[in-house]
Amino acid sequence: MIAGGHGQIALRLARLLTARGDDVVSLIRNPDHAGDVRATGAEPVVCDLESATADEVAGRLTGADAAVFAAGAGPGSGTARKDTVDRGASVLLADAAERAGVRTFVQISAMGAGEPPREGSDDVWAAYIKAKGEAEDDLRARDLDWIVLRPGLLTDDEGTGRVTLAEPVVGRGAVTREDVAAVIVALLHASGVERRTLELVNGETPIEAAVASL
Ligand SMILES: NC(=O)c1ccc[n+]([C@@H]2O[C@H](COP(=O)([O-])OP(=O)(O)OC[C@H]3O[C@@H](n4cnc5c(N)ncnc54)[C@H](OP(=O)(O)O)[C@@H]3O)[C@@H](O)[C@H]2O)c1
């Protein structure tokens, strides 16, 4: 199950997963997005993560192998939605995963999460990295097979298939959304990669090898 299923990484992830034969359910908040999600091969389910209850989400999650938190308030949003989506919706999905007995949980976070904001950065950025940091802390405290994935600056360039993926600190850099999605696919199908915080930028190592080296 992918939460934030109409997001730019989420749509790429759904396409890659369904292409390899996985069944994907994508949670979206806007029913008008259902067609785009269906076009990836995933099943859309309308569920607004700022108003749903953990039991409602757990009901959707029951029987899933994994939950991926790919939602985000987005660049046009203010400080309040950084808290309700980037923190709150991740906490809600993790609560639901525990209730539904779904152990594998991949959270898309961001580099800089939980760090003090750099001097001169605005309130919205500060609220964003605070929310991401709190969502990470919440997940790490849970009895789940969690993975926190912190991509660098996201781009819409074509995927390269090559990355640097490691525990902090990897160093700032960019990464394509296509490569982020491919890394999540590889992590979901690997063993022994759970309970880690991983940073991700484009680099030299083929994705399968980068995940195998973990
Ligand atoms: N931009 C960067 O350089 C960067 C770097 C590192 C990490 N990240 C993080 O990476 C993640 C994914 O990035 P992306 O570019 O794929 O994001 P995106 O395209 O902005 O997608 C986020 C999705 O979350 C959905 N969403 C928002 N509120 C929701 C709610 N209440 N209930 C359900 N879904 C909701 C949005 O739905 P709507 O379409 O209906 O709004 C949207 O489809 C985000 O968390 C982002 O913060 C970004």
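Residues numbered from 1 in each chain as written. Predicted model: local features only at pLDDT ≥ 70, side-chain atom pairs only at ≥ 80, totals over all residues.

Regarding its fold elements, the chain presents seven helices and 11 strands. Its C-alpha radius of gyration of 16 Å places the chain within 12% of the 17 Å reference for a compact globule of 214 residues. On the principal axes, the C-alpha backbone points of the chain span a range of 40 × 40 × 35 Å. For the chain, contacts bridging at least 24 residues in sequence account for 67% of all contacts bridging at least 6. (Helix = DSSP H or I, 4+ residues; strand = E, 2+ residues; numbered from the N terminus. Rg over C-alpha atoms; globule rule 2.2 N^0.38 Å. Contact = placed C-beta atoms within 7 Å.)

Let us now look at the site of the ligand. Around the ligand, the surrounding shell holds 24 residues, and the nearest of these are Gly4, Gly7, Ile9, Leu49 and Gly72. Elements that contribute at least two residues to the shell around the ligand include exactly α1 (8–19), α4 (79–100) and β7 (153–155). Considered class by class, the residues forming the shell around the ligand number 14 nonpolar, seven polar and three charged. (Near = placed C-beta within 6 Å. Nonpolar A, V, L, I, M, F, W, Y, C, P; charged D, E, K, R; others polar.)

On to the sheet that holds strand β1 (residues 2–3). Strand order in this open sheet of nine strands is β3-β2-β1-β4-β5-β6-β10-β8-β11, and the pairing throughout is mixed. On the outer flanks of this sheet lie β3 (43–46) and β11 (205–206), each paired with one strand and no other. Pairing between strand β8 (residues 162–166) and strand β10 (residues 196–202): four bridges, direction antiparallel. Bridged to Val163 within β10 is Asn202. (Pairing = 2+ DSSP bridges.)

The residues that UniProt annotates with the feature "domain: NAD(P)-binding" (unreviewed entry) are residues 4–189. Taken as a whole, residues 4–189 contains 42% helix and 19% strand, while its terminal C-alpha atoms sit 21 Å from one another. (UniProt positions renumbered as here; feature names shortened; annotations may be inferred.)

What follows is about the packing of α4 against helix α5 (residues 123–140). Between α4 and α5, the least distance of the axes is 8 Å, while the angle of their chain directions is 10°. As summarised for this structure, α4 and α5 are arranged roughly parallel, according to the angle between their axes. Contacts between α4 and α5 pair Thr79, Lys82, Asp83, Asp86, Arg87, Ser90, Val91 and Ala94 from the former with Asp123, Val124, Ala127, Tyr128, Ala131, Lys132, Glu134, Ala135, Asp138 and Leu139 from the latter. Classifying every residue of the contact of α4 with α5 by side-chain character gives eight nonpolar, two polar and eight charged. (Axes fitted to C-alpha atoms, helices over the stretch in contact; angles between N-to-C directions. Parallel < 35°, antiparallel > 145°, perpendicular 65-115°, else oblique.)

The next point concerns helix α3 (residues 54–61). For α3, the complete set of buried residues consists of Val57, Ala58 and Leu61. Looking straight down α3, one finds its buried side chains confined to an arc of 105°; they lie on one side. Looking at the packing, one finds that the buried side of α3 touches β4 (66–69) and α4. Positioned one or two residues after α3, Gly63 has a phi angle of 95°, which is positive. (Buried ≥ 20, exposed ≤ 12 C-beta atoms within 10 Å, placed from the backbone. Arc of directions from axis to C-beta.)

With that settled, the discussion passes to the nonpolar core. Ranked by internal contacts, the top residues of the largest apolar core, which has 71 residues, are Ala3, Leu13, Ala67, Leu93 and Val183. Ignoring any residue separated from it by four or fewer positions in sequence, one finds Ala3 in contact with Leu27, Leu49, Ala67, Val68, Phe69, Ala70, Ala71, Ala89 and Leu93. (Core = buried A, V, L, I, M, F, W, Y, C linked by C-beta atoms within 7 Å.)

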